[in-house]
Amino acid sequence: MSARTNVCRDCGFSNPRSWRTCARCTARLDATAAAPLPLIGHASAAEVIRASIDCAFSMGATTVVAIEGMNGSGKSRLLTHAGEFGARANDGMPLLHTTAGAGGTASPYDPFSTMLLERFGVLPNAPAAAVRGHMFTVVSECLSTSDAVTIAETTHLLGYIAGVEFPDSPFLMPLADRPLELRRRAAQAFRQFVEADVQRAPVLMLIDEAHRMEEPAWQLLRMLFDVEGHLAIVLAGNAPLADRTRTFGPANRTETCVIAPLAHDDVAAMLMVLLPTLESAPEPLVSALHHRSGGNPSVLRAMVLSLVEQGLFEDRDGALVANLARLEDASLPITLDDVIAARIARLSDEERTILTHASVVGDRFWDGAVLAQMRWEAPTTEPKGRDSIAALADQSDRRHVGHVLETLTAKGFLAHAPASVLPGAAQYTFQLPRVRETLYDGLDEDTKVVRHTAVAGWLAVTAEIQREGIAALIAPHLEEAGWLHRAGRAYFEAAAYERARLRTHSALAYIERAIPLIPDEDVVRRIDALHEQGSLLATLGRYDEARQAFTAMLEHAHRIGARSKAAAALNRIGRIHRERGEEETAETVLTSALELFRAAGDLRGVAATLDDLAQVVRLRGDLATALPLAAEALELRRANADMRGEAVSLTTLGTIELGRGRLDAAELYFTQARERHEELGDRLGVMRSHNALGVLAYENGDVSHALEAWASALTLAREFGARRDQCFLLNNLGQAHLTVGDLDAATERLNEAHRLAAALGDRRALADIVRNQGAVALRRGDSNANELFEEAVRIAEEYGGREAIAHAHRAIADARAAGHDTAGLAERDYVASIDLFRQLGNEREAARSLAAYGRYLAECEHGGRARTTLEEARGILERLGLPELDRVNATLRAIGSSSPSTQATA
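Conventions used here
Residues numbered from 1 in each chain as written. Predicted model: local features only at pLDDT ≥ 70, side-chain atom pairs only at ≥ 80, totals over all residues. Heavy atoms only, no water. Helix = DSSP H or I, 4+ residues; strand = E, 2+ residues; numbered from the N terminus. Buried < 20%, exposed > 50% of the residue type's maximum accessible area, 1.4 Å probe, protein only. Contact = heavy atoms within 4.5 Å. Areas by Shrake-Rupley, 256 points an atom, 1.4 Å probe, with all protein chains shown as cover. Pairing = 2+ DSSP bridges. Axes fitted to C-alpha atoms, helices over the stretch in contact; angles between N-to-C directions. Core = buried A, V, L, I, M, F, W, Y, C linked by side-chain atoms within 4.5 Å. Parallel < 35°, antiparallel > 145°, perpendicular 65-115°, else oblique. Left-handed = near helix turned anticlockwise from the far one by under 90°. Nonpolar A, V, L, I, M, F, W, Y, C, P; charged D, E, K, R; others polar. Salt bridge = Lys/Arg side-chain N within 4 Å of Asp/Glu carboxyl O. pLDDT = per-residue confidence, 0-100. Phe/Tyr/Trp six-rings, centres within 6.5 Å; stacked < 30°, edge-to-face > 60°. Lys NZ or Arg CZ within 6 Å of the ring centre and 35° of its normal.

Visitor: Looking at this structure, I do not really get the overall build of the chain. What am I missing?
Guide: Each helix and strand counted, the chain has 41 helices and 12 strands in total. Within the chain, the proportion of its 906 residues that are buried is 52%. Intrachain contacts of the chain at a sequence separation of at least 6 include 63% that bridge at least 24 residues. As displayed, the chain offers around 40500 Å² of accessible surface, 51% of which is attributable to carbon and sulfur atoms.

The following block contains the structure:
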């Protein structure tokens, strides 16, 4: 028996498959569907556009033309024509072409936000720190200024428009409660940036769907009329775009044009362009198309192609002839949705089935996920013996799915990704709009559940080969399949994966999706999820929310009698109080946590809490008590092979030794801590080690090394979203800039640190920052220096920070000494500072206060007391190896003391 041969009804070509239209004709139709629409019926609109662009490029002033029309009327084609005309008029001209609302962006500045991202060359999934750094570079190259503050402010404001976060920005945070002022300044920065661009070369902006623009975007558009340069803007959109555009801008530089539907003769001309071999455009056909399309060019083209597919045109000796008898056929498409449905219906059963299975996976899918659904739904057969093995090993269905997917790609329904994120699976994406949604929405809920289950199973098996990032792909399918418990676990795993890569915000998003899906009876996992949520919130500085999460964790742990988990919750709550400068409350809560950890026999928890207590006691200034606590924590952590915890304890011990003035011991501890963090690949820990080593370098007088270490650490802290770390690093940088005399940089860093500390509610950090701000004011000669120093004392006294009080007293004394203190008031503050530092056991700072006090006495011509005080300071400075020794020796020589001692005190 001979094989059946099918013949294409369009061209007569023999086709062995069961399609009614052959591959040659299908390819021809797909090419016609993808080709740009001709400018039939749009001559007047095109002329308006060309005149507006010519005006902008010749006058050197901004022009705007708005093209209004219904969907599919040809607005986008007119924008393309505008781009082609502009390119011909100015070879190499920058062209910014975007669509408002593309991709579902929530930015009120869209599409200008998208334009900025394109202008800055921002790639999807690019690291935030790299994006911010590149933006700084582009802005500095574009603006005709070398002022670092202007460049930074412009970059931050443009980032606000573009949706690029600049955490704790000193330019944006002060305006957070003044949104109108923030928008005004952002618009000015945008105008300034665009103006710098257009003064170099003409720029053409093309914006589609402009009717979707929100008021902030229109505000930016208004600002662009003030740009001095060659800027042409063409808008396209639906009503009331034209009316709105007429309400602003100079009349001689603003044009509007409303596109009318195609006339009868335009439809006839369009038909002949779409079908070049059409013998003629019969009047009945043209009238029917004109009526059914409403004169809409896009709808007209879709209808014509669908009519070709449905056999309305016949091939007669190389020419197409319309079969007018079929015009009354009720099955012919009328609406655009009908056209889409008709194109899908035109597919073979195999193509449509595979495309429907693909729609379940998502806009991005893999051949293996499609095959898994099909095998899951296939009828069950039970072959025996060798037949069973052969049947299960047969991969012909996989090859067949791959072949059909490639066919759908050739037809323009799909695009084949050059590389797949999953090993051994070909990756595809849907290309034609609304096709995936149409197919997926057509499935009943039971079918969706079954198919999402199959996809989740396939992804789970794929995870055995490559686990990275798989949980985030599986979780939504498990949720749709109704496996909420497993979906919660998958979201939890996705959060852990993101957090391990220090993507704090995305990790928090996943954990917050996980918690509602974890059933109440799964108490352990819910406790762990709340722990994770609280930790992430604390990292982001959202302390109130973090405390709520840890309190919920504590309640669950208490209910089931889980002492170790309850202790962990108390430990984290104690840390929050510590980080806010509430040392007394922190110590109380941490002591309760320690008791619970000891009762539970949880030695890791005991070690962690001992270390936290050591940090609290150190912050309160009791170094003698802090040292044995930290040493015990280190011993326990080493005994339990807790390398990460060991690194934390080494840092704590280093900080205590630094406070005692033992710089060599501190350096040894900090270096060992950094090595442990580097072995573990703990980038957050490495960042904190850089901070500690920067402090050490600063204490040794190596300010340039300290600045380098802190700047590097600040970049990482911003990338991680670690706001508390940012606060301390900014304060350190401000103090270092003050030391080298860069008062502008010091002011910028300290102001940013102040805003961040206030937002975090960290009074301890705030006291140090305000003291440094007072030192900057003193150096500038500002009248408010004393007020700032007194505020620093007040803040420190409120939270009981004796070390901060001591520092503030010395700063006040320095300020009074610099102001010719004839009343001798500085002496009282110097003595208070020295006494407090000695009570705290901080010899280093006590020696510095002694040195400052001695210089003050020398200036007041109290030679004997000055000499005694300075020699006492010199003895400590020599023993500790501190850099202030040279200055003390010089002062002693100046007041006629004996030769400097060369014998260090034991």
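What follows picks up the thread again.
Visitor: Would you mind showing me how to read the sheet that holds strand E6 (residues 231-237) here?
Guide: Paired through backbone hydrogen bonds, the strands of a sheet run either parallel or antiparallel to each other. Spatially, the five strands line up as an open sheet ordered E4-E5-E6-E3-E7, and their pairing is parallel. Every other strand in the sheet has two partners, leaving strand E4 (95-99) and strand E7 (254-258) as the edge strands with one partner each. Here the average twist between neighbouring strands, direction ignored, is 10°. Across five bridges, strand E3 (residues 63-68) lies against E7 in parallel orientation. Paired with Val-65 across the two strands is Glu-255, which belongs to E7.

Visitor: How should I be thinking about unusual backbone geometry in this particular structure?
Guide: With the exception of glycine, the majority of residues adopt a negative phi angle, and the majority of peptide bonds are in the trans configuration. Residue Pro-111 follows Asp-110 across a cis peptide bond; omega there is 15°. Locating Pro-111 in the fold gives a position in the loop between E4 and helix H4 (112-119). Cis rather than trans, the peptide bond between Ala-239 and Pro-240 has omega equal to 5°. Relative to the helices and strands, Pro-240 resides in the loop between E6 and helix H9 (241-246). Positive phi is not limited to glycine here, since Asp-168 has a value of about 55°. With respect to the secondary-structure elements, Asp-168 resides in the loop between helix H6 (148-162) and helix H7 (179-198). What makes Asp-168 buried here is its relative accessible area of 8%.

Visitor: What should I look at first to understand the nonpolar core in this one?
Guide: Within soluble globular proteins, side chains that are nonpolar generally end up buried alongside one another. By size, the foremost hydrophobic cluster in this structure holds 145 residues, and its most contacted members are Leu-355, Phe-365, Leu-414, Leu-422, Trp-458 and Ile-511. Tallying contributions element by element places helix H32 (residues 703-720) first for this core, with eight residues. Each residue touching Phe-365, except ones within four places of it in the same chain, is listed here: Ala-358, Val-370, Leu-405, Leu-414, Ala-426, Gln-427, Tyr-428, Thr-429 and Phe-430. In terms of nonpolar packing, the next biggest core, distinct from the first, is built from 50 residues, Phe-166, Ala-187, Ile-207 and Leu-231 among them.

Visitor: Would you take a moment to explain the environment of Arg-674 for this structure?
Guide: Mapping Arg-674 onto the fold places it in helix H30 (residues 663-680). Here the alpha-carbon distance between Arg-674 and Gly-685, two residues 11 residues apart in the chain, equals 7.4 Å. When residues no more than four places from it in sequence are discounted, the contact partners of Arg-674 are Ser-689 and Leu-693.

Visitor: It is not clear to me how the packing of helix H27 (residues 603-619) against helix H28 (residues 623-639) should be interpreted in this structure. Could you clarify?
Guide: For any two helices packed against each other, one specifies the inter-axial angle together with the distance between the axes. The geometry of H27 relative to H28 is characterised by a closest axis approach of 8 Å and an angle of 160° between their N-to-C directions. One finds that H27 runs roughly antiparallel with respect to H28. Handedness of the crossing formed by H27 with H28: left-handed. For the pair formed by H27 and H28, the contact residues are Leu-603, Val-606, Ala-607, Ala-608, Leu-610, Asp-611, Leu-613, Ala-614, Val-617 and Arg-618 on the first element and Leu-623, Thr-625, Ala-626, Leu-629, Ala-630, Glu-632, Ala-633, Leu-636 and Arg-637 on the second. Of the residues assigned to the contact of H27 with H28, the class counts are 14 nonpolar, one polar and four charged.

Visitor: Please explain the pattern of salt bridges as it appears in this structure.
Guide: Tallying each qualifying case throughout the model produces 33 salt bridges. Residue Glu-195 pairs with Arg-191 through a salt bridge whose shortest N-O separation is 3.2 Å. Placement of the pair is Glu-195 and Arg-191 together in helix H7, with a separation of four residues, close to one helical turn. Close ionic contact of Arg-865 with Glu-827 constitutes a salt bridge, the shortest N to O distance being 2.4 Å. Remark: Glu-827 occurs in helix H38 (residues 825-839) and Arg-865 occurs in helix H40 (residues 863-880); sequence separation between them is 38 residues. Classification of Glu-827 as partly exposed rests on a relative accessible area of 25%. A single salt-bridge network, built from bridges that share partners, covers Arg-604, Asp-611, Arg-637 and Asp-642.

Visitor: Sorry, what's going on with the pairing of strand E8 (residues 313-316) here?
Guide: Side-chain positions along a regular strand alternate between the two faces of the sheet. Bridge count for E8 against strand E9 (residues 319-322) is four bridges, and the pairing is antiparallel. Bridge pairing links Phe-313 to Ala-322 in E9. Hairpin connection from E8 to E9: two residues lie between these consecutive antiparallel strands, with Asp-317 at a positive phi of about 55°.

Visitor: Any chance you could explain the environment of Arg-662 here in plain terms?
Guide: Secondary-structure assignment places Arg-662 in the loop between helix H29 (643-659) and H30. Among the residues examined, Arg-662 registers a relative accessible area of 42% and is labelled partly exposed. The spacing of Arg-662 and Arg-879 is 217 residues in sequence and 9.4 Å in space, taken between C-alpha atoms.

Visitor: Before we go on, may I ask you to explain the confidence of the model for the chain in this structure?
Guide: For the chain, the average pLDDT comes to 79, and 86% of its residues sit at 70 or higher. Across the chain, helix H14 (residues 349-361) holds the top mean pLDDT of 91, while strand E2 (residues 14-15) sits lowest at 40. This stretch, residues 31-36, has a pLDDT under 50; its non-local contacts, to residues over four places away or in other chains, come to nine contacts. For residues 897-906, every residue scores under 50 in pLDDT, and the model assigns this stretch 16 contacts once sequence neighbours within four places are set aside.

Visitor: Which parts of the structure should I look at to understand the packing of aromatic side chains?
Guide: The geometry of two aromatic rings is summed up by the distance between their centres and the angle between their planes. This structure, assessed with the given rule, holds 11 aromatic pairs. Ring plane angle 70° and centroid distance 5.6 Å describe the contact between Tyr-109 and Tyr-160, whose orientation is recorded as edge-to-face. Of this pair, Tyr-109 sits in the loop between E4 and H4 while Tyr-160 sits in helix H6, and the two are 51 residues apart along the sequence. With a centroid separation of 5.8 Å and an interplanar angle of 90°, the aromatic rings of Phe-136 and Phe-166 are classed as edge-to-face. Residue Phe-136 is located in helix H5 (residues 128-142), and its partner Phe-166 is located in the loop between H6 and H7; the two are separated by 30 residues in the primary sequence. An aromatic cluster is present here, built from Phe-365, Tyr-428 and Phe-430 joined pairwise through their rings. Directly above the ring of Tyr-440 sits Arg-436, whose terminal nitrogen or CZ lies 5.2 Å from the centroid.

Visitor: What am I meant to see in the side chain of His-809 here?
Guide: Counting through the fold element by element, His-809 comes out in helix H37 (residues 802-818). For His-809, a relative accessible area of 17% puts it in the buried group. For His-809, the residues in contact, after removing those within four places along its chain, are Val-793, Asp-829, Ala-832, Ser-833 and Leu-836.

Visitor: It is not clear to me how the sheet that holds strand E11 (residues 414-416) should be interpreted in this structure. Could you clarify?
Guide: Across the sheet, three strands lie side by side as E10-E12-E11; this open sheet has antiparallel pairing. Looking at strand neighbours, the two that pair on one side only are strand E10 (364-366) and E11, the edges of this open sheet. Neighbour-to-neighbour, the strand axes of the sheet open up by a mean angle of 35°, direction not taken into account. Alignment of E11 against strand E12 (residues 427-430), held across three bridges, turns out to be antiparallel. Following the sheet pairing, His-416 is matched in E12 by Tyr-428.

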